[in-house]
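Understanding the architecture of this molecule
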Amino acid sequence: MTKSANSMWGGRFAAGPDAIMEAINASIGYDRRLAPQDIAGSRAHAAMLAATGIISDNDAEVIREGLLTVLSEIETGDFPFSTALEDIHMNVEARLRDLIGEPAGRLHTARSRNDQVAVDFRLWVRDQCDQADEALGALQKALLGQAEAGADWVMPGFTHLQVAQPVTWGHHMLAYVEMFARDRSRFADARARMNTSPLGAAALAGTSFPIDRDMTAQALGFDRPMSNSLDGVADRDFALEFLASASICAMHLSRLAEELVIWSSAQFRFVKMSDKWSTGSSIMPQKRNPDAAELIRAKIGRIFGANVALMTVMKGLPLTYSKDMQEDKEQTFDAADNLMLALAAMTGMVADMTANRESLKAAAATGFSTATDLADWLVRELGLPFREAHHVTGSLVALAEEKTCDLPDLSLAQMQSVHADIRADVFDVLGVENSVASRTSFGGTAPSQVRAQIATWKEKLE
């Protein structure tokens, strides 16, 4: 080959199209993570082949022992992975053949790499649902600890990032406990739907061998075998549903991370982040940067991206298997890794952060945060229609702005200049503590409600 012709391959692919084909076709660089699931699936398959008389009991036992040796080599880092063998399935099979000889060739009877990878990946994603649930439970407990410590601490509640009404710190923490509970339910739902076994679907049409798919499904912890062999090898809904659940969970993490960034700023001073989860500036000695929260906020994009990427891979594929589907794993692995990292970091930050009770209370009393309480009082005590009460309250807010004070600082005479029937007991509802204490409706911010919800959640999370 001439230099000019060879130059089109360039750099690391200077050897030409063979090198490019090996690089684009191989997945062992990342699907080696499926080794435990691959070996578990193969052990279940071999046991079933022996039980149905397709292979001998002796061959099945030799295969079982060989697979355990392969798994041990992988776990200790002694396994000779080969890119030329493409994927984890062929790497394991080749090493098994080196170890036990001819019986290794019988393992793939009544099986294809199509159903093999489908079961391996499904087992791996199922494990990730379990790990996400456990990590979310730990985060909920950290949030619950914060809620219990500040069940009656007053802070501003916001809409449009403007002070709206006073709420309690405990109530705010419990809002995230609820969000992450729904995330846990989504992972549980996804796990329940994915818990069917594609093993035995073979390449796409099933097999003529008298296999027992119920046996392998049970051995691998599945509820039952999948009912359609085409669907068994073509389905990646389980990975998409995991990524969708992970994306919603990641969005919740990002919202909390954003609040921690804002709250820890000098302008808010609502919380102090532990040194474990903050860094200093290389030039400004006074800085304490909430880097962990910022990185959680950024890493969430990788999880969103994985969801979109796999949807894009799958959207145009005819049944059944296409090599495009090899791109399902790397994105899912990366998303799962980043989700677990974000959950662990958030749990650590929440557990270690210190809320500034005085700053929270001071901020709660700004921005006419008890205006709604005043309007409610006008309705309840004076019998005004709410729209008229709203108008009167707006006039009182305008008067307070003119006097450069807050609503509780207006005198009774000043209030009566707007509406003559206002009485002195109006001031009972204008303090922020009185405001939050009055919100006793179910799910409200009153400390009594917050403590009741804390008790409920402590029981649920035990």
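Computed from a predicted structure; not experimentally measured.

Reading the values: the criteria
Residues numbered from 1 in each chain as written. Predicted model: local features only at pLDDT ≥ 70, side-chain atom pairs only at ≥ 80, totals over all residues. Heavy atoms only, no water. Helix = DSSP H or I, 4+ residues; strand = E, 2+ residues; numbered from the N terminus. Contact = heavy atoms within 4.5 Å. Areas by Shrake-Rupley, 256 points an atom, 1.4 Å probe, with all protein chains shown as cover. Lys, Arg positive; Asp, Glu negative; His and termini not counted. Charge placed at Lys NZ, Arg CZ, Asp CG, Glu CD. Buried < 20%, exposed > 50% of the residue type's maximum accessible area, 1.4 Å probe, protein only. Axes fitted to C-alpha atoms, helices over the stretch in contact; angles between N-to-C directions. Parallel < 35°, antiparallel > 145°, perpendicular 65-115°, else oblique. Left-handed = near helix turned anticlockwise from the far one by under 90°. Nonpolar A, V, L, I, M, F, W, Y, C, P; charged D, E, K, R; others polar. Salt bridge = Lys/Arg side-chain N within 4 Å of Asp/Glu carboxyl O. Expected span 1.5 Å × (residues − 1). UniProt positions renumbered as here; feature names shortened; annotations may be inferred. Domains from an automatic or database assignment. Patch = residues over 30% accessible without salt bridge, like charges linked within 9 Å, V, L, I, M, F, W, Y side chains within 5 Å. Pairing = 2+ DSSP bridges. Phe/Tyr/Trp six-rings, centres within 6.5 Å; stacked < 30°, edge-to-face > 60°. Lys NZ or Arg CZ within 6 Å of the ring centre and 35° of its normal.

Overview of the overall build of the protein
Within the protein, the secondary structure is distributed over 19 helices and six strands. Expressed along its principal axes, the backbone C-alpha trace of the protein runs to roughly 100 × 60 × 40 Å. Counted over contacts in the protein with a minimum sequence separation of 6, partners at least 24 positions apart contribute 73%. By element, 52% of the accessible surface of the protein is carried by carbon and sulfur atoms, the whole surface being about 21700 Å². Seen as two clouds, the 44 positive and the 61 negative side-chain charges of the protein have centres 2 Å apart.

Some remarks on the environment of Trp 263
Topologically, Trp 263 is positioned in helix H11 (residues 237-263). With a relative accessible area of 3%, Trp 263 lands in the buried category. Apart from residues no more than four positions distant in its own chain, Trp 263 is found in contact with Met 155, Trp 169, His 172, Met 173, Phe 268, Arg 269, Phe 270 and Val 271.

Description of the packing of helix H4 (residues 35-51) against helix H7 (residues 113-149)
Running from N to C, H4 and H7 cross one another at 125°; their axes reach a closest spacing of 9 Å. Judged by the angle between their axes, H4 and H7 are oblique. For the pair H4 and H7, the crossing hand works out as right-handed. For the pair H4 and H7, the contacting residues are Gln 37, Asp 38 and Ser 42 in the first and Gln 116, Asp 120, Leu 123, Trp 124 and Asp 127 in the second. Class assignment for the residues of the contact of H4 with H7 results in two nonpolar, three polar and three charged.

Considerations on the pattern of salt bridges
What the rule picks out here adds up to 26 salt bridges. Here Arg 64 ties to Glu 65 by a salt bridge, and the two come within 2.3 Å at their closest N and O atoms. Residue classification places Arg 64 among the partly exposed positions, given a relative accessible area of 31%. One salt bridge connects Asp 183 with Arg 186, and the closest N-O pair in it is separated by 3.0 Å. Of this pair, Asp 183 and Arg 186 both sit in helix H8 (residues 169-194), three residues apart, roughly one helical turn. Residue classification places Arg 186 among the partly exposed residues on the basis of a relative accessible area of 25%. In this structure, a network of salt bridges that share partners links the residues Arg 380, Glu 381, Arg 423 and Asp 425.

Considerations on helix H12 (residues 291-314)
For H12, spanning 24 residues, the distance from its first C-alpha to its last is 36 Å, which sits close to the expected 34 Å at 1.5 Å a residue. Taken as a whole, H12 has its buried residues at Ala 292, Ala 293, Ile 296, Ile 300, Ile 303, Ala 306, Asn 307, Leu 310 and Met 314. Contacts made by the buried residues of H12 are with helix H10 (229-234), H11 and helix H13 (328-352).

A word on the UniProt feature "domain: Argininosuccinate lyase C-terminal" (unreviewed entry) in the protein
Residues annotated by UniProt as "domain: Argininosuccinate lyase C-terminal" (unreviewed entry) correspond here to residues 368-437. The span residues 368-437 carries 57% helix and 0% strand; its end-to-end C-alpha distance comes to 17 Å.

Some words on the domain arrangement of the protein
It is common to report an interface's size as the accessible area lost on association of the parts. Considered domain by domain, the protein is made up of domain 1 (19-106), domain 2 (113-150 + 158-362) and domain 3 (367-430). Averaged C-alpha coordinates put domain 1 and domain 3 at centres separated by 76 Å.

Side note on a nonpolar patch on the surface
On the surface, a nonpolar cluster with roughly 270 Å² of combined accessible area is contributed by Leu 204, Leu 230 and Leu 319. Within the fold, Leu 204 resides in the loop between strand S3 (196-197) and helix H9 (213-219). Of the residues examined, Leu 204 reaches a relative accessible area of 36% and is grouped as partly exposed.

Topic: the pairing of strand S2 (residues 162-168)
Sheet topology note: the strand S1 (residues 154-159)/S2 ladder contains six bridges and is antiparallel. Residue Val 154 lies in a different strand from S2, and its bridge partner there is Thr 168. Here S1 hands over to S2 after two residues, with His 160 in that stretch at a positive phi of 60°.

Overview of the packing of aromatic side chains
One pass over the structure, following the stated rule, counts 10 aromatic pairs. Their ring planes at 50° and their centres at 5.5 Å tell us that Trp 169 and Trp 263 sit as a pair that is tilted. Pair noted here: Trp 169 is in helix H8 and Trp 263 is in helix H11, with a separation of 94 residues, a long-range link. One exposure class covers both Trp 169 and Trp 263, and it is buried. Arranged with centres 5.1 Å apart and planes meeting at 80°, the rings of Phe 268 and Phe 270 form a pair that is edge-to-face. For Phe 270, a relative accessible area of 2% translates into the label buried. Site record: aromatic cluster; members linked through ring pairs are Phe 158, Trp 169, Trp 263, Phe 268 and Phe 270. The residue whose ring lies beneath Arg 126 is Phe 222, and the NZ or CZ to ring-centre distance is 4.9 Å.

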